[in-house]
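# An overview of the molecular structure
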Amino acid sequence: MPVLARIRERFAVERPLEDIRIAASLHVTPETAVLVRTLIAGGARVALCASNPLSTQDDVAAALVAHDGAEVHARRGEDMETYYRHLATVAEIGPHVTLDDGADVAALIAERPDLLEAIVGGTEDTATGVLRLRAMQAEGRLGYPVVAVNDAQVTRLFDARYGTGQSALDGVVRATNVLLAGRVVVVFGYGRVGRGIAMRARGAGAIVVVCEVDPVRAVEARMDGYEVMPAGEAAARGDVLITATGGRDVVAAEQIERLRDGAILANAGHFDVEIDLPALRAAATGPPRRVRPAVDQYELPDGRRVNLLAEGRVVNLGAAEGHPPAVMDVAAASQALSVEHLVQDRGELAPGVHDVPAAIDAALASLTLASLGIAIDGLTPDQEAYLHSWEQGT
Ligand SMILES: NC(=O)c1ccc[n+]([C@@H]2O[C@H](COP(=O)([O-])OP(=O)(O)OC[C@H]3O[C@@H](n4cnc5c(N)ncnc54)[C@H](O)[C@@H]3O)[C@@H](O)[C@H]2O)c1
């Protein structure tokens, strides 16, 4: 995680988090451990619990305690009672800063006004957590500023376009060993994720077809050089069909009816409703055959076979390893810089949900470039002045 490593080096020298107490509820994974180490290097005291009872890696939790001096209250597979007890224990640190992945610490603090006085701010890592925080804010229950760290532009690029773009195709290839070159890959949805998948599929030599319901995005797909057509037509063309819409029943009975023999169906959207699984089961002659790990083959009455990957669940997690560490690196770096920002500007942000400041986005991008060994030019003072002036016209 080279981006975070650079921040850690600076934190170790500047100690911007000296004496800051942090209560964190995050997935206790190696990536989180690198973030916690970075915060500790900056001078913070960190108490960490899980944000999901199933995602804790016990060896990581133990290493953080033994080698880094973090206080960790998490155990893989803990029951919900233990989970909430651990959350309460972490809050006992009397945090200045909270780190959330799902808003559990923030929700606990809404019930503990005695803890509010010390708090300067928090960060939230997931879209679902941000929704929860906004609901708290609407009811006047969010008593401190929280930065929605995952909304940083660079983080979004890494998460959706480059992370999922690559890892969704990685899932398809690992599950099926299909050669993408020369195949027709249909991408449903030309949003952040769909653009990434389309771009990478084309790079692998596939003929890419895009299905969109938003005319602006459909135009963009066409002008980017892809074929654009309705889902029914695309279903009859596709060798590999990947949904990435956030919607439901994108591949439904009407499309299933037209699929080619051997078609591969995968979903990169969050929930397993993008491919209409009941419709697929209803169209098939019987239960599927598991022909490879993560590949279920359904047979249609006329003998055509349809291969469903990862049971219609998100394919980059179900058939590959999820995001590569480089994606987590940028997300964690966004958290570390947001914590520093909250501490430096304490008292200046109003309670409520805040975007990641543009300066942090720029810093993340610069650090990412530096970690890749890339230098870029800056504006000269004359160029800068020209861009901010109005006097000079035609
Ligand atoms: N697999 C992962 O690791 C990962 C990572 C990030 C996001 N996601 C998920 O991927 C999904 C898409 O995310 P996004 O950020 O690209 O969203 P987005 O809103 O940027 O794009 C979705 C696109 O799908 C289009 N769409 C909606 N319904 C459609 C339909 N029936 N047919 C064709 N197009 C349709 C929309 O018009 C939009 O352009 C979400 O469920 C998101 O949670 C997954």
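Placed above this text is the structure.
A brief structural summary. Only a predicted model underlies this, so the values are computations on that prediction, with no experimental measurement involved. (Residues numbered from 1 in each chain as written. Predicted model: local features only at pLDDT ≥ 70, side-chain atom pairs only at ≥ 80, totals over all residues. Heavy atoms only, no water.)

With that out of the way, let us pick up the pairing of strand 13 (residues 295–299). Among the 5 residues that make up strand 13, 4 are buried, leaving the element largely enclosed by the rest of the structure. Counting the residues that bridge the hairpin from strand 12 (residues 289–292) to strand 13 gives 2 residues, and of these alanine 294 lies at a positive phi of roughly 70 degrees. Pairing geometry for strand 13 and strand 14 (residues 305–309), over 5 bridges, is antiparallel. For tyrosine 298, the partnering residue across the bridge sits in strand 14 and is valine 306. Connecting strand 13 to the next strand, strand 14, in antiparallel fashion are 5 residues, including glycine 303 with a positive phi near 95 degrees. (Buried < 20%, exposed > 50% of the residue type's maximum accessible area, 1.4 Å probe, protein only. Helix = DSSP H or I, 4+ residues; strand = E, 2+ residues; numbered from the N terminus. Pairing = 2+ DSSP bridges.)

Below, the discussion takes up unusual backbone geometry. Of note, asparagine 177 is a non-glycine position whose phi angle comes to about 60 degrees, a positive value. The topology assignment puts asparagine 177 in the loop between helix 7 (153–176) and strand 7 (184–188). Judged by relative accessible area, asparagine 177 falls into the exposed class, the value being 60%.

The next subject is the sheet that holds strand 8 (residues 207–211). Taking strand neighbours across the sheet as the criterion, the 8 strands line up as 9-8-7-10-11-14-13-12 in an open arrangement whose pairing is mixed. Edge positions in the open sheet fall to strand 9 (227–228) and strand 12, since each of these has one partner strand only. Packed onto the sheet, helix 8 (residues 192–203) meets strand 7, strand 8 and strand 10 (240–243) and runs at close to 170 degrees relative to strand 7. (Contact = heavy atoms within 4.5 Å. Axes fitted to C-alpha atoms, helices over the stretch in contact; angles between N-to-C directions.)

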